[in-house]
Amino acid sequence: MRLDVVSIFPEYLAPLRQSLLGRAVADGRIQLEVHDLRRWATDRHRSVDDTPYGGGAGMVMRPDVWAAALDDVAPAGATVVVPTPAGHPFSQATAADLARREHLVFACGRYEGLDQRVVLDAARRVEVLELSIGDYVLAGGEVAALVVIEAVTRLLPGVLGNPESAVTDSFGEGSPGLLEHPAYTRPVEFRGLAVPPVLLSGNHAAIARWRRDESLRRTARRRPDLVARLDPATLDAADRAV
Ligand SMILES: Nc1cc(-c2ccc3cc[nH]c3c2)n[nH]1
């Protein structure tokens with residue numbers, strides 16, 4: 001997979017060169033290039049924004065600068081991801097879809113965002129996805145791009161340390177729509193708090209049952225919206241007894 005990220009704060013994307021992802025980039029399993037949007041600015045002040053038509057607070061990012069950048073960075077076949085609070089909700093399913101693509105280009109806005117014609121123009125030749133990572137407002141698209149890139153690249157074979165956890169995590173394909181059960185490690189007692197005895201029993205069926213029950217309980221308590229979306233066909237009699 002190739003990743004290109006365009007931003008006026010390229011140093012915001014430095015975390016992409018850390019940890020497991022950084023190792024995948026360093027050894028070429030993932031190609032990553034971060035671009036400073038000002039490279040495509042045309043005036044001597046290298047400006048990238050202007051006042052909004054129709055008035056209102058803040059500045060809007062100029063279409064000419066962004067279009068020139070995407071013309072260079074997003075060839076036919078690339079998928080352009082534009083983080084925005086007004087985007088389609090980003091989900092694990094979206095991450096799985098993006099993980100199957102060859103080339104992702106992230107257009108990270110600042111100020112009040114990109115002139116909408118940047119999206120309209122790019123959509124004439126490549127797929128453009130406007131994505132929201134949640135119903136809260138950030139100061140720019142860089143952090144959202146980091147979130148999407150991490151969620152996507154951890155699904156790529158050979159990037160994540162333990163491929164199994166990509167399945168068993170909350171929202172993983174192994175338990176679609178359920179929150180992950182609690183996890184424990186040594187010591188067996190910590191500050192007066194014990195590990196649930198079933199986890200020490202060696203009874204794998206009982207452990208699996210306990211974990212499933214905990215996932216169901218946790219999901220019912222914290223995310224009733226997910227319970228409402230559960231496919232009843234995926235629940236067995238023991239699930240229904242929780
Ligand atoms: N889900 C979410 C995305 C954003 C976001 C994305 C891009 C820009 C550009 C300027 N402010 C931005 C905010 N906030 N919250």
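Owing to the predicted nature of the structure, the values given are computational and were not obtained by experimental measurement.

Turning to helix H1 (residues 19-26), its buried residues number three or more, namely Leu 21, Gly 22, Ala 24 and Val 25. With its buried residues spanning 160° around the axis, H1 presents them on a single face. Pointing more than 90 degrees away from the buried face of H1 are the exposed residues Ser 19, Arg 23 and Ala 26. Those residues of H1 hidden inside the fold are in contact with strand E2 (31-36) and helix H5 (142-153). Where H1 terminates, the next one or two residues include Gly 28, which has phi positive at roughly 85°.

Okay, the packing of aromatic side chains next. Going through the model one piece at a time under the given rule, you end up with two aromatic pairs. Where Phe 9 meets Tyr 12, the ring centres are 6.4 Å apart and the plane angle is 45°; that geometry is what we call tilted. Summarising the aromatic geometry, the rings of Tyr 184 and Trp 210 are spaced 6.5 Å apart at their centres and angled 55° between planes, so their arrangement reads as tilted. Of this pair, Tyr 184 sits in the loop between helix H6 (163-168) and strand E8 (189-190) while Trp 210 sits in helix H7 (residues 204-222), and the two are 26 residues apart along the sequence.

Our next topic: the pairing of strand E6 (residues 103-107). Burial within E6 is extensive, with five of its five residues counted as buried. Of the two faces of E6, the one holding His 103, Val 105 and Ala 107 and the one holding Leu 104 and Phe 106 are both buried throughout. Two elements, strand E1 (residues 2-7) and E6, share five bridges in a ladder whose sense is parallel. Among the inter-strand pairings, Val 5 is bridged to a residue of E6, identified as Phe 106. The sheet contact formed by strand E5 (residues 79-89) and E6 spans three bridges and is parallel. Paired with Thr 79 across the two strands is Leu 104, which belongs to E6.

Scoring rules and cut-offs
Residues numbered from 1 in each chain as written. Predicted model: local features only at pLDDT ≥ 70, side-chain atom pairs only at ≥ 80, totals over all residues. Heavy atoms only, no water. Buried < 20%, exposed > 50% of the residue type's maximum accessible area, 1.4 Å probe, protein only. Helix = DSSP H or I, 4+ residues; strand = E, 2+ residues; numbered from the N terminus. Arc of directions from axis to C-beta. Contact = heavy atoms within 4.5 Å. Phe/Tyr/Trp six-rings, centres within 6.5 Å; stacked < 30°, edge-to-face > 60°. Pairing = 2+ DSSP bridges.

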